Each structure stands twice: as C-alpha cells, then as structure tokens.
Amino acid sequence: MFRRIGRAFKEAWWGIRHHRAMVFSTVVTISITLAILSILGVLIANINQITYDIEEEIQVFVKIDNDVEEKDIEELQLKVSRISGVAGVVYSDADSELTYFIEQYGESGSIFEIYRDDNPLSRAFIVSVSTGFSISEVSKQIGTLDGIAEVNFGGFAIENFICLLGGIRKAGLVLALAIIPLAIYLIYNTIKITIHSRREEIGIMRLVGATNSYIRIPLVLEGIFIGIIGAILPCVGTVFGYQYFYEQMNGQLISGILKLVDVFPFTLYVSAILLAVGVFVGLIGSWWSATRSLRWKR
Amino acid sequence: MIVLENVSKIYKNGTKALNDFSLEIQDGEFVYIIGETGSGKSTLIKLLNGEEIPTKGRVLVNGTNVGRLRFGKVPLYRRKIGVVFQDYQLLKNKTVFDNIAFALEVINKSKEEVRKRVKEVLEIIDLANEFNSYPTELSGGQQQRVVIGRAIANNPSILICDEPTGNLDPRHSKEIIELLEKINRSGTTIIVVTHDYVLVDTYKKRTILLDNGSIVSDDSEGGYIHV
Ligand SMILES: Nc1ncnc2c1ncn2[C@@H]1O[C@H](COP(=O)(O)OP(=O)(O)OP(=O)(O)O)[C@@H](O)[C@H]1O
Ligand SMILES: [Mg+2]
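Residues numbered from 1 in each chain as written. Chains lettered and ligands numbered in written order. Predicted model: local features only at pLDDT ≥ 70, side-chain atom pairs only at ≥ 80, totals over all residues. Heavy atoms only, no water.

Chemist: Outline the pairing of strand S1 (residues 2–10) of chain B, listing residues and values.
Modeler: All names here are of chain B. When S1 meets strand S2 (residues 16–25), the two strands line up antiparallel, connected through six bridges. Looking at the pairing, Val3 lines up with Glu24 of S2. The antiparallel hairpin formed by S1 and S2 contains five residues in its connecting segment, where Gly14 sits at a positive phi of about 95 degrees. As judged from the five bridges shared by S1 and strand S4 (residues 56–61), these two strands associate in the antiparallel manner. Pairing of Ser8 across the sheet is with Lys56, part of S4. (Pairing = 2+ DSSP bridges. Helix = DSSP H or I, 4+ residues; strand = E, 2+ residues; numbered from the N terminus.)

In structure tokens form, the structure reads like this:
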C-alpha cells in the first residue's frame, strides 16, 4: 500500500520534472487565475460588508399626516411594519422630533424652544429596512398608506450606489466562474502531454494488466500537484497584499464611513479557498484527461 | 483451453475482419497462425486479450467469456495471458531487469516476489548475465527474448505472440522459437502469429491458415504450407 502511494508520488513528480516548461506555464496560468480569483474575492467580501453597513445605517423618515388622530397612530404603525422589507418602526411624536431638531442645531438650537407649545413639526415613524430590500421600493409602499404625509430616505444616490456595488459583485462572480473552466482545460492539456510522453509505458501497463486506477492515480496526482503549486503564490500574495492595502488605507474607505474587512481571519479563508480551487482544478482537469485517454480502448 | 464459437468481427468502419470463425486450442498446445496481410490474425489476438469485442459469437478463454468482461475486469483477465506485440517494445530507460520487473510491479507484486520471479525469468530467457544492460546494448534477438520474458513474468497459462520474429534474421528467429518451445514444455499454451514460412516449415507445429477472416486449413502436423 505505502509502496503504491510512493510510486504514484514518484511518477507524478517525474511528470512534473519532465515537462518543466509546460508545467511552468500551466502553474503560471493557474497562479494568475487564482490571483484574479483572490482579487475578486477580496472585492466581493468588502462590497458585502459595505453594502451591509450602509443598509444597516439607512433609515426611512416617514412623516405622519396631521389629521391622523392620536388613537389611530398605533394601528398605522402596525400597517407600516407589515409592509414587506420593513425591519422595524419607531414612533417619534412631534415633541421628540423637536428635541431632536434642536439638538441638531447645537448651542443655537435652543431658540427653537419657542415652538414647544405650538409645534409645527409632524409626528413621524423612523423605519429601518431589511437588507436585501430596495429602500425606494419600501418607501413607495409606505407612501401609499392613508395617513402618511411624506416619506424621506437618503435619496436615490445611496440606492444607486448599493445597486452599483451589487452589479460589481455579480460581474465578479461571473468572471470567477468563467476562468475556472479555463484553468481546468489547461491542466487537461498538460496531463495529456504527460500521457503522450508515457504512452509506451502506459501501453505496456495495459498489456500486462495494470488496473485503470493504477494508471490514473499518478496522473491525477500530478494535476493536483500543479494546482497546489499554482496556488502558493496567490495565497501568500493575498495575505500580505491585503494586509499592506489594509494598512495603507487604515482599514477604511472614504474618510472612515466604510470599514474594510479585517485582515485576519479573512485572508486565511480566501487562501484556503484558493488552495481548494487549485486542488479542484487540478483534480478535475487531470481526471478528465486520464479518463479520455484510457477509455478509448478496453 | 481456448474456444471460439462462430465468432464474427466487423469493425466500426464496416471492415469484416473475422467471419463465422470457430476454433479450439487445448491447454499446452503450440499453434502457428499464418495468413496474408489483412487476413485477421491480429484481430484474433485482440479478441483473445479482450481489446476487441466480437460482433457475434463467443470467445472463451479458460472458461472466461472474454467479450462479456466488464471494462474494469479486463486488466485482471490480462494478467493471466501473456501477449507479445510488436507495438510494445522495451522501455529504453530501464535495464533488462527493470523491464521485466515493471510488468510485475504494475500489478502490485511485492518487492520480494518481483526479485525472485525476475531472476527465474532471466534464467528462462538465458539473459542472466545481461540483467543490468539497457535495451540498446542488446541484439535484436536478445531484446525480443526480454519482451517474451516480460510477457511470461506473471506466469500466464497462455502466451500469444504477434510476429515475434518479425525483424530478426534466421539465426535469431531460431533462438526465439526455441525459447518458445522451452516455455511450451513447461505447460504454457503458445500461439504464434507469423509470416515466416521457413520457420513454420522447420519447426512443425499445428498450423492454422487464415484467409479473409476464415480458416482455410487447420493442420495438426504442420509444415509444407505454401500460400
Ligand atoms: N481497428 C480497426 N478498425 C477498422 N478496421 C480494422 C481495424 N483493425 C484491423 N482492421 C482491418 O481488419 C482486417 C484484418 O486486420 P488484421 O490486423 O487482423 O490483419 P492481420 O492478419 O493481422 O494483418 P497483418 O499481417 O498485416 O498484421 C484488415 O482489413 C484491417 O484493415
Ligand atoms: Mg497483424
């Protein structure tokens, strides 16, 4: 058993040594593929975090009609909270609205205290929207209810920004999924060359009754090795590259509003994924190659 | 025992290689198969080692229905029959010893078994002194003996040779046939496909003449065949 594993490793290593040029170019391409994947991964994870943070922060300010009687407020609040996408509704009466208003003006705000008895401000609901729901859509829904005077949210700018981030995320995923088959195909070709240069040996193995798995295992191992070798640089690059970037940016984007994902354990997760993709690509590519060239004959 | 019952082989491209072919070979026989180019000799061998499947009929080798073997079982079946094909020569980067050992290593024999059996085989093919030579350092006849040694390494009950004397001069051909006779004496069934009528005439054995995928004559005395 150990001898068999030893042999498989030896032969896989032989294949790698004997087609250094081909293996090298495949390793480089796998590395580039995984590097792109890593960048996409970092991008997507940060976009996720940023989108989440923004959506957490955003609140919709819903002004209540002055005609709505005090006793109906509770029912209206219930109606608002039933709208899909509404995560929470907080009622704020005119009095607290004024307090909030005055607070916002700081020192000089106190002059507005004169309005305390004849308050021109409306009562309002502060609505938070669940992540994943369109803020403008939810706002529009709220606006259709009777007894709502006005609905305000951060504006379309924020929503467009979130939408843009979502678009980038999708494009990244598509790109990532598109380059993986390419990497598999490259491994497929490399292993095909190994098989070709060993065709005499493989032919004799078949002639004397070596099992198909016996012939296949070293070939598949070779593919996996190439995948792992190709993953080393992107993994190291991800850990140190992202750390460098994070430090340069002080862990934030655009004057501290948006926080970057922490370096650890995030980069380790990304590295693990890259390694797994490397192994997967090597396994599938070489398995495919070995199966195709062993199947043509009994 | 080898039995072919009404075997036909039609290749995918429509070529009829064997036609309602029936044949019986007993254990321990030595049989020549001769015939012109394209008469179906190699096809017969490929049916016997499971590389091709009969279009019709049955191929039974020691009770195994070879055409019905599942894909995964073919390798195990092949361990029990030795085949010498001209397409599969020696590996140039391995010594005589390692070339023969290779056939045993790839079917997971232990190191000890391999060493013991390779030594025996080297005695049989009379190349014990050349065990450490590389194929290029050997004569054509010696190389062919190593190829035969590799084929019998796993002690097959049947040894099939396609043109074993193909590229050899008469002196070396004689050497090969004498080696095959020696292997035959130890009980192994020998099937030799050949174009070498001189050989067939000199070392008379049961001789089967093929033409166009059918048996034209099957002479247990052998010899005196002029096509
Ligand atoms: N894989 C194949 N596909 C299609 N036709 C084939 C195939 N192999 C052999 N044939 C055809 O089948 C016929 C018999 O071929 P086979 O190789 O058995 O002849 P042979 O007696 O061994 O000839 P030779 O003396 O030249 O080796 C020939 O017409 C050949 O062209
Ligand atoms: Mg032939």
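Chemist: So, unusual backbone geometry: which residues are in play, and what are the values?
Modeler: Geometrically, the link from Phe264(A) to Pro265(A) is a cis peptide bond, its omega value of 0 degrees lying close to zero. Of note, Pro265(A) is situated in the loop between strand S6 (258–259) and helix H9 (266–295). Its identity as a non-glycine residue notwithstanding, Asn62(B) has a phi of 50 degrees, on the positive side. Locating Asn62(B) in the fold gives a position in the loop between S4 and strand S5 (64–65). For Asn62(B), a relative accessible area of 43% corresponds to the partly exposed category. (Buried < 20%, exposed > 50% of the residue type's maximum accessible area, 1.4 Å probe, protein only.)

Chemist: Which residues make up the interface of chain A and chain B, and what values go with them?
Modeler: On the chain B side, the residues contacting the 19 residues of chain A number 29 residues. The junction of chain A with chain B conceals about 2200 Å² of combined surface from both sides, 58% of it contributed by carbon and sulfur atoms. Taken together, the connections running from chain A to chain B amount to zero salt bridges. Across the chain A-chain B interface, the total number found is three residue pairs in polar contact (both at pLDDT 80 or more). Going through the elements one at a time, helix H1 (2–18), helix H7 (199–208), helix H8 (212–248) and H9 of chain A are the ones with two or more residues in the side of chain A that touches chain B. Residue contributions to the side of chain A that touches chain B peak at eight residues, all from H7(A). Among the residues forming the side of chain A that touches chain B, the class breakdown is seven nonpolar, four polar and eight charged. (Contact = heavy atoms within 4.5 Å. Buried area = accessible area lost by both parts, 1.4 Å probe. Salt bridge = Lys/Arg side-chain N within 4 Å of Asp/Glu carboxyl O. Polar contact = N/O pair within 3.5 Å; in protein donor to acceptor, adjacent residues only side chain to side chain. Nonpolar A, V, L, I, M, F, W, Y, C, P; charged D, E, K, R; others polar.)

Chemist: So what's going on with empty space enclosed by the protein? Residues and values would help.
Modeler: Rolled over the atoms, a probe sized like a water molecule indicates the empty space that remains. Here the structure, examined in full by the defined rule, presents four cavities of 30 Å³ or more. In this structure, the largest cavity spans a volume of roughly 130 Å³. Forming the walls of the largest cavity are 15 residues, and the residues nearest its centre are Leu207(A), Val208(A), Gly82(B), Arg150(B) and Ala151(B). Mapped onto the lining of the largest cavity, the elements with two or more residues apiece are H7 of chain A together with strand S6 (81–84) and helix H5 (140–152) of chain B. Across the lining of the largest cavity, the residue classes tally to 10 nonpolar, two polar and three charged. Of the domains in this structure, domain 1 (1–80 + 156–227) and domain 2 (91–153) of chain B are the two that each give at least three residues to the lining of the largest cavity. (1 Å grid on protein atoms, 1.4 Å probe; cavity = no way out; pocket = protein on both sides within 12 Å on 5 of 7 lines; lining within 4 Å. Points joined across faces, edges and corners; volume = space filled by probe spheres on them. Domains from an automatic or database assignment.)

Chemist: So what's going on with helix H1 (residues 41–48) of chain B? Which residues, and what values?
Modeler: Residues and elements named next belong to chain B. The element H1 is largely enclosed, with a buried count of six among its eight residues. Every buried residue of H1 is accounted for by Lys41, Thr43, Leu44, Ile45, Leu47 and Leu48. Residue Gly50 follows H1 closely and has a positive phi angle near 80 degrees.

Chemist: Can you lay out the domain arrangement of chain B for me, pointing to particular residues and giving the numbers?
Modeler: All names here are of chain B. Domain boundaries in chain B define domain 1 (1–80 + 156–227) and domain 2 (91–153). The centre of domain 1, based on its C-alpha atoms, is set 24 Å off from the matching centre of domain 2. Contact residues are listed per partner, giving 13 residues for domain 1 and 12 residues for domain 2. Between domain 1 and domain 2 lies a buried interface of about 1100 Å² when both sides are counted; carbon and sulfur atoms form 72% of it. Broken down residue by residue, the surface that domain 1 buries against domain 2 is led by Arg79, Pro156 and Leu179, which jointly contribute 35%. Here domain 1 is connected to domain 2 by one salt bridge. With a shortest N-O distance of 2.4 Å, Glu175 and Arg145 are connected by a salt bridge. Counting the contacts that link domain 1 with domain 2 gives three residue pairs in polar contact (both at pLDDT 80 or more). Top element by residues in the side of domain 1 that touches domain 2 is helix H6 (residues 170–185). It accounts for seven residues. Of the residues that constitute the side of domain 1 that touches domain 2, the class distribution is eight nonpolar, one polar and four charged.

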